[in-house]
Amino acid sequence: MEGDTVAVQLDPVSFWCRLKGSNNNKQNPNATCFAKDQCRGGLESYPSTGSESCIQERADTEDSDHHISADQVQDEAQSSSSSAVNLQGHAYSFPSKKIEVQQMHVEMVQSESSTVNGARGPSAVFEPDLQALQSLSNVVDIGHLQCQNYKGKAMPEGVLTRSDSLSENENSEVISTALAQVTAILDSMPNKRPTGKVVHILEKSSRRRAIVGFLDVNLGNKHVARGSGQWEDSSQKYRKKAPPKAKGEKLMLIPADNRFPKMVVFVKHLPDDVKKRLQEGDATVGSELLAAQVDEWKADSEFPSAVIKQSLGQGGEIEAQTAAILFQHAIHSAVFPPACHDCLPQVPWKIPDEELWKRKDLRACRIFSIDPPTAKDLDDALSIERLDDDLVRVGVHIADVSFFVPPDSALDKEAQNRSTSVYLIQRVLPMLPGLLCEELCSLNPGVDRLAFSVIWDLNSSGHIVDQWIGRTIIRSCCKLTYGHAQDMLDGLFDTKDGQKIGITEKKTLLPELHGEFSWEQIIGDIRALHGIAKRMRELRFEGGALKLDNSKLLFVLDGDGNPCDSIFYEHKESNMVVEEFMLLANMTVAKVISGVFPECALLRRHPEPNLRKLKEFEEFCSKNGFELDTSSAGALQLSLEKLREALKHDPVLFSVLLLYATKPMQLAKYFCTGELRDSENEWAHYALATPFYTHFTSPIRRYPDIVVHRTLAAALEAEEIICGVAADIKESGSSRGGFRCFSGPALDKEAAELSAGQGVLAMVADKYKVPQLSELVAVAAHCNERKLASRNVREATDKLFLWAMVKRNQGLLSDARVLNVGPKFMSVYVSKIAMERRIYYDEIDGLKAEWLEAIGSLVLDIAQSKLLPQKHCQGKTRNSRDVAVLVNPAHHKNQALEIDGINEVEERVYSDKTQVIGSEKEIEPAVLPIILRPFSSVPVSLHAVGGENRPVDVGVRLYLSSYLY
């Protein structure tokens, strides 16, 4: 199943499947091999996932309730046209007829037509042949791969094992040679995909414990075509009927994720309430989302067996679907265990006297926060003070969460397990209890708060002249929104009365201002910060940074929390102000902790993009007349800026190019520096073009930031101790009080490398519980996994709310742009939702699709005879209503459009010029016949698919008209 770590026996090379594309990946032989689709004009190996991603690692967040971030970098693309196996780790192989054993992370991709070893469907290639491995024992360590020997038998011929008679270097050489051999085979056969069979499951995936699906209790009304990964209705119009009373011992569970096979469920093991309703013939049982886990998959069984854990609610309801998403990704509850509450301070709480004299007191400084209007967990605040005509002092002040979360406490363990707050559209699942994240830690205005501050003296060019890092006490004077800050930058504030804005149509109240400060001072600070941030941003991009901002869809909710419309998030200059200083703080802290603790610092790296996919993107642009330089992040950024200017009159096309540019990008990941101690070049962040980066600025909602705070606290205390000795041996005349060997502008590594310094570092590391190498590697891996799960949840909830909005509005019309087109399907970029979708038109009843290979174009027209299938069509054909919404211009005004659901006619009537929901633009149907080629504009209709007893999705159909219809 997906995510399992397995051992695979490869077939002889002569049996490998032939592909229409290439699986040649010279950059990474262990990377997933994807089949190219038969498409012209587009990047064929890129999927139609519809997911949004950007590679700019902004300092804060990817959620709408805080600083809008692009700290998401595109995952490895997954092709939806074939099954695939993602190989991670080492490969052990012999060429030709011998066998390869690999450590693999199985990643099933839905298949339309692929056949592997004679079996259809995505699960065929992954079925374990366990009959040949009935009795296994004697674990043999092969590198970090756990493989097993046959009990009392020799390993199968060709299986590579670690030999006790060989040294470690000799074993590594054998493994490297085998890996080189299989890489050479793949390179020499780019048009073939390796095939084989799973011979053993080495480690079962956690996804087995997180299955969501529907009970198949009404086979008379519907069937599920699992081989193609599609759900189908066999009746003309699906109507709920009472299922037969459960008399048998078994039922089938149909997973909502079609990468999983159907599963057998024993009636006797059903929850009592579900069993009772099933026995009573309750018609809603078959449309109820159920949480389950895989029990076992016997070698002689076609399907695995599963156990139902609980009912999540009726399919198609937002709360039930949200619960299913959270269960699938093992997301934590909003409720904290009692042991965590026992760790919280008593309220009312005040800053202890000990902290008052230990910390730098900044309560008299003019400090303020800038956040979204709905934000409650205020992690960060800013300040600026002009020192002279060419020098300003800028401060970034971050909530000192580590003070309230003692290491190894129940609260710390819970925070580590959660790893991140999860931001849903309708609510937040916090990493920390509300008392901390919304009150005691949050930098709310008018109250004293503990903070970690990074303060720089910057010149007018944006360069750092001096810096100071330390624990502080602050008192924010106001909580601004990005809208407030933007209006200040735009000169829309009238500060004479100090309370209201006076020159915009909509009067906006300013927030409460605390302390002896004026709004004139605050506005001056915002403008000064903007000027510095703008210059710093220019320096970053001159230094080779890259930023890809894809459109982000936000939903407008009604009073009941249901989506009624959508808008695109607008990234403003005020966002950039916060972003630049958070980035600088993260870079500054990363340099300090990695220099002081080179073996156990938690940093964040962004690997270079997939070179093969980047090359394909470059070739795609070249073929279509766009100049692109991908030699470095900076060169790519410069090329995209030129394309933006050249396409300023066609922003949709530029959005398409940005979408494609994100496809080769890899995920940014947390890592322990000791793990890559001999490969410091791999510490770098590709998009930010910086050698050191970490997460320091959001400890309320990210556990890695808490670990970084503890490491930084240890470094600062070590500095206080060591500088008392180090300052005496410096030739410079710096005083002991002024010399900062770690937190100053230049890190003094010699001070840390002194024998006395090493002892001090060991002492403070133990005091602050800085994780050591093995522990920190595990923490980084867990945080990466939880961050990815959080991202997947957000994408899934975005898709759910989009589905609900389309269903509520009975469909939407939108302009679209053809990305690529071939004989069977096309990919289109839907402007309304800023997503890529596929439309299949092979074997259509009622429409004629003629593919012109020579010119790479498709001609669509009404079929001459709607009653006769097209040539080459054998068996079932697609209904034209699955592909297009067809109207007759002569009857268009009174003609109902089929928008929502398969074979269902909605009552909503569209006029000749249909008004797009949430837009002033009118969409007209394209007139048949129509010729489509890459970058052609075409109107489309969005409709909601699934719901009650099927997975939710948003389908796309062409919006066409013909007098012959």
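Computed from a prediction, not measured in an experiment: that's the story for all the values here. Residue positions are counted from 1 within each chain, in the order its sequence is given. Local features in this predicted model are restricted to residues whose pLDDT is 70 or higher, and side-chain atom pairs enter the listing and the counts only when it is 80 or higher, whereas totals over whole chains, interfaces and linings include all residues. Values reported for side chains reflect all heavy atoms of the structure, with hydrogen atoms and water molecules removed beforehand.

## Some words on the sheet that holds strand β15 (residues 263-266)
Keep this limit in mind: At least two DSSP bridges between two strands are needed for those strands to be called paired. Runs of E in the DSSP output that reach at least two residues are strands. Runs of H or I that reach at least four are helices, and both are numbered from the N terminus. Fitted lines through C-alpha atoms give the axes, limited to the stretch in contact for helices. The angle between two N-to-C directions lies from 0 to 180 degrees. Contacts are residue-level and defined by heavy atoms, with any inter-residue pair within 4.5 Å sufficient.
The five strands lie next to each other as β11-β14-β15-β17-β16, forming a closed barrel whose pairing is mixed. Between one strand axis and the next, the sheet turns by 55° as a mean value, whatever way the strands run. Direction of pairing for strand β16 (residues 288-296) relative to strand β17 (residues 305-314): antiparallel, over a ladder of eight bridges. Among the inter-strand pairings, Val294 is bridged to a residue of β17, identified as Ala306. Strands in contact with helix α2 (residues 272-279) are β11 (211-216), β14 (250-255), β16 and β17; relative to β16, the strand with the most contacts, it is inclined by about 115°. The strands touched by helix α3 (residues 318-328) are β11, β16 and β17; relative to β17, the strand with the most contacts, the crossing angle is about 145°.

## Some points on α2
Applied cut-off: A 1.4 Å probe rolled over the protein chains alone gives each residue an accessible area, and that area as a share of the maximum for its type sets the label: buried under 20%, exposed over 50%, partly exposed in between. The directions considered for the arc run from the helix axis to the C-beta atoms.
Buried within α2 are the following residues: Val274, Arg277 and Leu278. Buried positions in α2, seen along its axis, are confined to an arc of 100° and lie on one side of it. For α2, the exposed residues set more than 90 degrees away from the buried face come down to Asp272 and Lys276. Those residues of α2 that are buried are in contact with β11, β14, β16 and β17. Positive phi shows up at Gly281, right after α2, with a value of about 75°.

## Brief notes about the environment of Gly286
Positionally, Gly286 belongs in the loop between α2 and β16. C-alpha separation for the pair Gly286 and Asn949, spaced 663 residues apart in sequence, amounts to 6.5 Å. In contact with Gly286, not counting residues within four places along its chain, are Phe214, Leu215, Val217 and Asn949.

## Some words on the packing of aromatic side chains
The description of an aromatic ring pair rests on the distance of the ring centres and on the angle between the ring planes. Applicable threshold: When the centres of two rings from Phe, Tyr and Trp lie within 6.5 Å, Trp using its six-membered ring, the rings pair. Their planes under 30 degrees apart give stacked, over 60 give edge-to-face, and anything left gives tilted.
For the structure shown, the criterion picks out 10 aromatic pairs. Relative to Phe801, the ring of Phe555 has its centre 6.1 Å away and its plane inclined at 50°; by these criteria the two rings are tilted. With Phe555 in strand β27 (residues 553-557) and Phe801 in helix α17 (residues 773-808), the pair connects residues that are 246 residues apart, well separated along the chain. For the ring pair Phe626 and Phe935, a centre distance of 6.3 Å and an interplane angle of 65° mean the geometry is edge-to-face.

## Here we look at the side chain of Glu355
Residue placement: Glu355 occurs in helix α5 (residues 353-358). Contacts of Glu355, omitting those with residues within four sequence positions, involve Phe403, Leu450 and Ile473.

## A few points about the nonpolar core
Nonpolar side chains in soluble globular proteins tend to end up buried together. Rules: Residues grouped as a nonpolar core are buried Ala, Val, Leu, Ile, Met, Phe, Trp, Tyr and Cys residues, joined through side-chain atoms within 4.5 Å.
The biggest cluster of nonpolar side chains holds 109 residues, and the ones touching the most others in it are Phe368 and Phe581. Not counting residues within four places of it along the chain, the set of residues in contact with Phe368 comprises Ala381, Leu382, Ser476, Cys477, Cys478, Leu480, Ile522, Asp525, Ile526 and Leu529. Counting 52 residues, the second largest nonpolar core, distinct from the first, contains Ile318, Ile325, Ile839 and Val952.

## What about the packing of helix α9 (residues 519-542) against helix α10 (residues 573-596)?
For the record, the criterion: The crossing is said to be left-handed when, going from far helix to near helix, the turn is anticlockwise and less than a right angle, and right-handed when the turn is clockwise.
Contact geometry of α9 with α10 gives a least axis separation of 9 Å together with a crossing angle of 65°. Classified by chirality, the crossing of α10 by α9 is left-handed. Between α9, through Leu529, His530, Ile532, Ala533, Lys534, Met536, Arg537 and Arg540, and α10, the contact on the second element is made entirely by Glu573, Met576, Val577, Glu579, Glu580, Phe581, Leu583, Leu584 and Met587.

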